[in-house]
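Structural characterization, general
Take a look at the letters that make up each chain.
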Amino acid sequence: MKKQNENGENKFYPAASEQTSCTASAKMINKAKKDGAETAFDRVASLKSCSFGSGGTCCRICSMGPCRVTETRTGVCGATTSTVAARNFVRMIAAGAAAHSDHAREVIFTFIAAAKGEVPGYEIKDDTKLHALAKTFDINVEGKDKNQIALELGERALAEMSKQQGEITLVKQAPKKRQERWREEGISPRGVDREIVETMHRTHMGVDQDYKNILLHGCRASLADGWGGSMLATELQDIMFGTPIPIRAKVNLGVLKEDEVNIIVHGHEPLLSEMIVAATRDPELVEQAKEAGAKGINLAGICCTANEILMRKGIPVAGNFLQQELAICTGAVDAMVVDVQCIMQSLPTVAQCYHTEIITTSSKGKILGATHMEFDHHNAIETAKNIVKRAIKNYPKRRKVDIPKEEIELVAGFSHETINYMLGGRFRASYRPLNDNIINGRIKGVVGVVGCNNPRVKHDYVHTTLVKELIANNILVLVTGCAAISCAKEGLLIPEAAELAGAGLREVCEAVGIPPVLHCGSCVDNSRILVAVSEIVKEGGLGEDISEIPAAGCAPEWMSEKAVAIGQYFVSSGAVVGFGVSFPTANSEIISDYLFKEIEETTGGKWFYEPDPVKMAKILIENIDKRRKALGIDREKERVLYDMEMRRELEIV
Ligand code: NFS
């Protein structure tokens, strides 16, 4: 497509259908062009990425540079490519871990205030999980009511964040052998705050200049995120808002309604969005919406906020990361409410072409051109109601409305507890049936497909092509984040998708009634996958450590620093992890070699890079096959036709 830029020059943009495999998105990319709104899909076509930056060898940590280092040219201080690439890599881990842990901190503050009864609207909901976590923290619960236990737990959680010495409590959730390995290697994590500060110190000019030492600390910092910050966020959110159970909902831009006030919540923390859910159901506000000429109030989510309120409330998902601007381009979004992370600065500019009001709510995340309505957990309901009122007021101002019809069903809500229950059955919740089916080969292994979208690759296409390939090869897939939304839009999150699975996986899915791709939540909820793989180990029969079980992970459309932190905590926990798009240390052969091979000796896990989804699936499967072989479960089982008796047995084994 040809388009003139502001200087009157002709520019060539790829066709929308080449930039995304999502037809609703393609329609909106074209509508945006017609309406004069510029989106990431336009910008990416005109911005060439810098190879020094993308490959990790641009050093700009002091003012002698920036230095673009190569194998034959060090930085002014003498820093080599391996030092620079290692430093940049662990700084990405630190930034990602900081985002997750700051999310956790907000949750903990609210959790403590809820336990004290200081924050109307928030309460301690999941008693079972509260007691389970209190036990992990060795909290004496005798004679205490739930709020007293929660208060103690909240204060302990807060102390965990900045634990200066020793290791964090939640590492106890990992298999014994794994914990020992971390201790032997000196990477068992202290509090995430300390690990992040130390990362920044070590990577300051002239401190840690031994790449292995730098990367080893990267492992430790990432573990403080996965088993600390992220895990605390997930666990406490579950206790406050309820542990997810399977729930049906709808996804894609078609969930927006022509005749209702549409509010989109976008970002990450469920603290405000949970309150907005309540406000949109307030009869008084619904009445106000009707007075404004709408039939009601429709709430939908984007990115991980979407995943949070989808998992617990079944709120529809409008789209993933690359659909945030496109949702506005429907002309039907009356307010987009954002908090932190993955929010494009372009939103207010795109909104100028329509009537949408962009509302920022976090003191940490303001955007010029947006309305700021600061959210504080003490006045959460009030703020939520005021936001809804603004959206209602905006409704009559709509123009250029065209909502794509695409929407499709999905099933979400696969917390670790749900997987346990679904596969184990009502009376004997356990991972036994899953382990047995992995051992007998019906399920070859488990792969976590997680992470973002990135306009440098075809939107959604990489995720869905990869996942289809995996399930066809009898791999049970666990998804989170924007990857989960891609799969949902492709119809892979409904039980009927079992038709696309290999014969063994299909049998299991049909017997138990689950989709072959299980939605485990937001990116912070990748900690659920850590718990799930640990439970597989503890159940027995598949080795003694995460590095032995037939499981792997990947982020084929990654873009954020959080994805690097997540990838590294999986590698540090013993998983093989693949990245698509580009690899952040690509310019240093030494570092890439270390991360792709040698690190395995330390953590039992390793990285790989493969942008092609089919080839990526092949590598993941090869690694799983290798582990099956090491476990002695690689022999092909003879295929038999199942009669009813055998099916029943499959359900209750
Ligand atoms: Ni994860 Fe969620 Fe999406 Fe990527 Fe951003 S929303 S935290 S970082 S883009 S998956």
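Residues numbered from 1 in each chain as written. Predicted model: local features only at pLDDT ≥ 70, side-chain atom pairs only at ≥ 80, totals over all residues. Heavy atoms only, no water.

As a further point, take a nonpolar patch on the surface. Taken together, the side chains of M64, V76 and M205 make up a nonpolar region of the molecular surface, amounting to roughly 260 Å² of accessible area. Checked against the element boundaries, M64 lands in the loop between β3 (58-59) and β4 (67-68). With relative accessibility at 44%, the residue M64 sits in the partly exposed group. (Patch = residues over 30% accessible without salt bridge, like charges linked within 9 Å, V, L, I, M, F, W, Y side chains within 5 Å. Areas by Shrake-Rupley, 256 points an atom, 1.4 Å probe, with all protein chains shown as cover. Salt bridge = Lys/Arg side-chain N within 4 Å of Asp/Glu carboxyl O. Helix = DSSP H or I, 4+ residues; strand = E, 2+ residues; numbered from the N terminus. Buried < 20%, exposed > 50% of the residue type's maximum accessible area, 1.4 Å probe, protein only.)

The next point concerns helix α16 (residues 380-394). Here α16 spans 21 Å end to end across 15 residues, near enough to the 21 Å set by a 1.5 Å rise per residue. Buried within α16 we find A380, T383, A384, I387, V388, A391, I392 and N394. Looking at the buried side of α16, the elements it contacts are β6 (261-266), α11 (270-280), α12 (283-291), β7 (297-302), β9 (335-338) and β10 (357-360). (Expected span 1.5 Å × (residues − 1). Contact = heavy atoms within 4.5 Å.)

A separate point is the coordination of the nickel atom of the ligand. For the nickel atom of the ligand, the sole protein-derived donor is C523 (SG), lying 2.3 Å away. For the nickel atom of the ligand, the four donor atoms are set out with angles of 91 to 154° between them, so the coordination reads as irregular. Tracing the chain through its elements places C523 in the loop between β15 (517-521) and α22 (526-539). (Donors = N, O, S within 2.8 Å, 3.2 Å for Na, K, Ca; no water. Tetrahedral: all angles 85-135°; square planar, octahedral: opposite > 155°, others 65-115°.)

On to the site of the ligand. In the vicinity of the ligand, 13 residues are found, and the nearest of them are H268, C304, C342, C482 and C523. Secondary structure elements with two or more residues in the shell around the ligand: α13 (303-313) and α20 (481-489). In the shell around the ligand, the residues fall into eight nonpolar, four polar and one charged. (Near = heavy atom within 4 Å. Nonpolar A, V, L, I, M, F, W, Y, C, P; charged D, E, K, R; others polar.)

Counted according to the given criterion, the structure contains 45 salt bridges. In this structure, E535 engages K538 in a salt bridge whose closest nitrogen and oxygen atoms are separated by 3.8 Å. Of this pair, E535 and K538 both sit in helix α22, separated by three residues, roughly a single helical turn. When its relative accessible area of 44% is taken as the criterion, K538 is described as partly exposed. Several salt bridges converge on common partners, so that one network encompasses K129, E235, D238, E308, R312, E417, D525 and R528.

The next thing to look at is the domain arrangement of the protein chain. Each assigned domain of the protein chain is listed with its residue range as follows: domain 1 (81-241) and domain 2 (247-397). Relative to domain 2, the C-alpha centre of domain 1 lies at a distance of 30 Å. Opposite the 19 residues of domain 1 that make contact, domain 2 presents 17 residues. Both faces combined, the contact of domain 1 with domain 2 buries some 1,400 Å², and carbon together with sulfur accounts for 56% of it. It is H103, Y122 and F241 that lose the most area in domain 1 upon contact with domain 2, and together they represent 38% of the buried surface on that side. The closest approach of N and O atoms between D238 and R312, which form a salt bridge, is 2.8 Å. Here domain 1 is connected to domain 2 by seven residue pairs in polar contact (both at pLDDT 80 or more). Only α5 (81-115) and α10 (211-241) provide two or more residues apiece to the side of domain 1 that touches domain 2. A total of eight residues in the side of domain 1 that touches domain 2 trace back to one element, the largest contributor, which is α5. (Domains from an automatic or database assignment. Buried area = accessible area lost by both parts, 1.4 Å probe. Polar contact = N/O pair within 3.5 Å; in protein donor to acceptor, adjacent residues only side chain to side chain.)

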